[in-house]
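These are the residues of each chain, in order.
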Amino acid sequence: MAGMRAMLLEAPGRPLRLAELAIPTPGPGEVLVKVLACGVCRTDLHLVDGELPEPKLPVVPGHEIVGEVAGLGAGVAGLAIGQRVGVPWLGRTCGVCRFCRSQRENLCDDPLFTGYTRDGGYAEYTLADARYCFPLPPGDPVAQAPLLCAGLIGFRAYRMAGEAKRLGIYGFGAAAHILAQIARADGREVYAFTRPGDRAAQAFARRLGVAWAGGSDEPAPVPLDAAIVFAPVGALVPAALRAVDKGGVVVLGGIHMSDIPAFPYRILWEERVVRSVANLTRADGLGLFDKLARTPVATETVRYPLEAANEALAALRDGRLQGAAVLIL
Ligand SMILES: [Zn+2]
Ligand SMILES: [Zn+2]
């Protein structure tokens, strides 16, 4: 049986191990995807650190997969061998629960998530349910990879933020750098809040055309209509609430966050809203890729070979990345 290289998480808290695995065979409804590039997402860090409950173990992480269809299981329609596809976090949903039946498949009661409860893209090949793959246009697969989660979750968070003219973004990493470009193209003003003193991230944000960039310990220069918090730091929730105007929305974009400190009711008063964003729907993906066809964004990436996945995760953990880390296969 032909083999493939994969980076394997055997237990939380341990580094990933380079392993030789058999190339899997697609079952009914599945495609075999030859991975070209796979982005490294903060959720992968939470997985490795044991902050997500009940992962499949061992598991191949990675849910920002750009690849080519290399094999078709029985009954697959609409995808062909050699076609460029993206495989996102949402790996499968049940289709019958009340969430699936009300356009909220992101909240499905019985889902599978790529690189968490099914194997993902830190490998030369992976399997995916064909119905959850997105056909992608040709182009640099490394530049496309961050769109598959940072782009998608950022876009869903952006939709949740409503028609905000003045949009704050807390945490200026992979998701923020994509979203800032989309928001700017839509005529929004973006206010970027970085780690205090992170001049490099603030300069990066300014290069992308934000109206203002500063530290998350600084007050917003104007009252904001909405804010999105991508950094997994609970203390930013009251900070963002203080920055939004009456009726403002604070959207929390991460899967995991440190505890949110107590805060006075008056900063929530006047119909301010705090809400999280969970996962994505296929409609979010179609909406994003449709928008990108008209509004191209440039993703900033740092490339790592597959075997250096642990170094990529360490760089993300330490805040040393500008843009998104991507493993190249
Ligand atoms: Zn469901
Ligand atoms: Zn992700």
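Residues numbered from 1 in each chain as written. Chains lettered and ligands numbered in written order. Predicted model: local features only at pLDDT ≥ 70, side-chain atom pairs only at ≥ 80, totals over all residues.

(A) Highlighting the overall build of the chain. Scanning the chain from terminus to terminus reveals eight helices and 17 strands. What you see for the chain is a C-alpha radius of gyration of 19 Å, in line with the 20 Å of a compact globule of 329 residues. Summarising its shape, the C-alpha atoms of the chain cover approximately 60 × 40 × 35 Å along the three principal directions. By residue count, 46% of the 329 residues in the chain fall in the buried class. (Helix = DSSP H or I, 4+ residues; strand = E, 2+ residues; numbered from the N terminus. Rg over C-alpha atoms; globule rule 2.2 N^0.38 Å. Buried ≥ 20, exposed ≤ 12 C-beta atoms within 10 Å, placed from the backbone.)

(B) Summary view of the domain arrangement of the chain. The domain architecture assigned to the chain consists of domain 1 (3-146 + 299-328) and domain 2 (152-276). Domain 1 and domain 2 are separated by 27 Å when their C-alpha centres are compared. On the domain 2 side, the residues contacting the 14 residues of domain 1 number twelve residues. Here the element with the most residues in the side of domain 1 that touches domain 2 is helix α1 (residues 42-48); it accounts for three residues. Class assignment of the residues belonging to the side of domain 1 that touches domain 2 gives a composition of five nonpolar, six polar and three charged. (Domains from an automatic or database assignment. Contact = placed C-beta atoms within 7 Å. Nonpolar A, V, L, I, M, F, W, Y, C, P; charged D, E, K, R; others polar.)

(C) Spotlight on the sheet that holds strand β13 (residues 224-229). Here six strands make up an open sheet; going across it, the order is β12-β11-β10-β13-β14-β15 and the pairing parallel. With partners counted over all chains shown, the strands left at the sheet margins are β12 (212-215) and β15 (273-276), one partner each. Taken over all neighbouring pairs, the strand axes of this sheet differ in orientation by 20° on average, direction set aside. As defined by bridge partners, strand β10 (residues 166-170) adjoins β13 across four bridges and the pair is classed as parallel. What sits directly across from Gly168, in β13, is Ala227. (Pairing = 2+ DSSP bridges. Axes fitted to C-alpha atoms, helices over the stretch in contact; angles between N-to-C directions.)

(D) Representation of the pairing of strand β4 (residues 65-72) in the model. Here strand β3 (residues 30-40) runs beside β4; their pairing, made up of seven bridges, is antiparallel. Bridge assignment links Leu32 to a residue of β4, and that residue is Gly71. Bridge count for β4 against strand β5 (residues 84-87) is four bridges, and the pairing is antiparallel. Within the sheet, the bridge partner assigned to Ile65 lies in β5 and is Val87.

(E) Broad picture of the pairing of strand β8 (residues 125-129). By the criterion of burial, β8 is predominantly enclosed, with five of the five residues buried. On β8, burial covers both faces: Tyr125, Leu127 and Asp129 on one face and Thr126 and Ala128 on the other are all buried. Of the strand pairs in this sheet, β3 and β8 are connected by five bridges, and their pairing is antiparallel. Counterpart to Leu32 in the pairing with β8 is Leu127.

(F) Summary view of the packing of helix α3 (residues 150-160) against helix α7 (residues 282-294). Running from N to C, α3 and α7 cross one another at 100°; their axes reach a closest spacing of 9 Å. It follows from the interaxial angle that α3 and α7 lie roughly perpendicular. Mapping the contact onto sequence places Gly151, Leu152, Phe155 and Arg156 in α3 and Asp284, Gly285, Gly287 and Leu288 in α7. Of the residues belonging to the contact of α3 with α7, the class tally is three nonpolar, three polar and two charged. (Parallel < 35°, antiparallel > 145°, perpendicular 65-115°, else oblique.)

(G) Inspection of the packing of α3 against helix α4 (residues 174-185) at higher detail. Interaxial distance between α3 and α4 falls to 8 Å at its minimum, and their mutual angle equals 55°. Taken together, the axes of α3 and α4 lie oblique to each other. The handedness of the crossing between α3 and α4 comes out as right-handed. Taken together, the residues of α4 that come into contact with α3 (itself represented by Ala150, Gly151, Ile153, Gly154 and Tyr158) are Ala174, Ala175, Ile178, Leu179, Ile182 and Ala183. (Left-handed = near helix turned anticlockwise from the far one by under 90°.)

(H) Examining unusual backbone geometry more closely. Cis geometry is adopted by the peptide bond preceding Pro58, which originates at Leu57 and carries an omega value of -10°. Note that Pro58 resides in the loop between α1 and β4. Positive phi is not limited to glycine here, since Glu270 has a value of about 70°. Relative to the helices and strands, Glu270 is located in the loop between β14 (244-252) and β15. Classification of Glu270 by C-beta neighbours within 10 Å gives exposed; the count is 11. Although it is not a glycine, Asn279 adopts a positive phi angle of roughly 60°. Here Asn279 lies in the loop between β15 and α7.

(I) Spatial organisation of α3. Of all eleven residues in α3, nine are buried, a share of seventy percent or more. All buried positions along α3 are accounted for by Ala150, Gly151, Leu152, Ile153, Gly154, Phe155, Arg156, Ala157 and Tyr158. On its buried side, α3 packs onto β3, α4, β13, β14, α7 and β17 (324-328). Gly162 sits one or two residues past α3 and shows a positive phi near 75°.

(J) Molecular detail of the nonpolar core. Ile169, Ala192, Val229 and Ala240 are the most contacted members of the largest nonpolar core, which totals 96 residues. Counting residues domain by domain, this core receives three or more from each of domain 1 (3-146 + 299-328) and domain 2 (152-276). If near-sequence neighbours (up to four positions away) are discounted, Val229 is found in contact with Tyr170, Gly171, Leu236, Val237, Ala240, Val250, Leu252 and Gly253. (Core = buried A, V, L, I, M, F, W, Y, C linked by C-beta atoms within 7 Å.)

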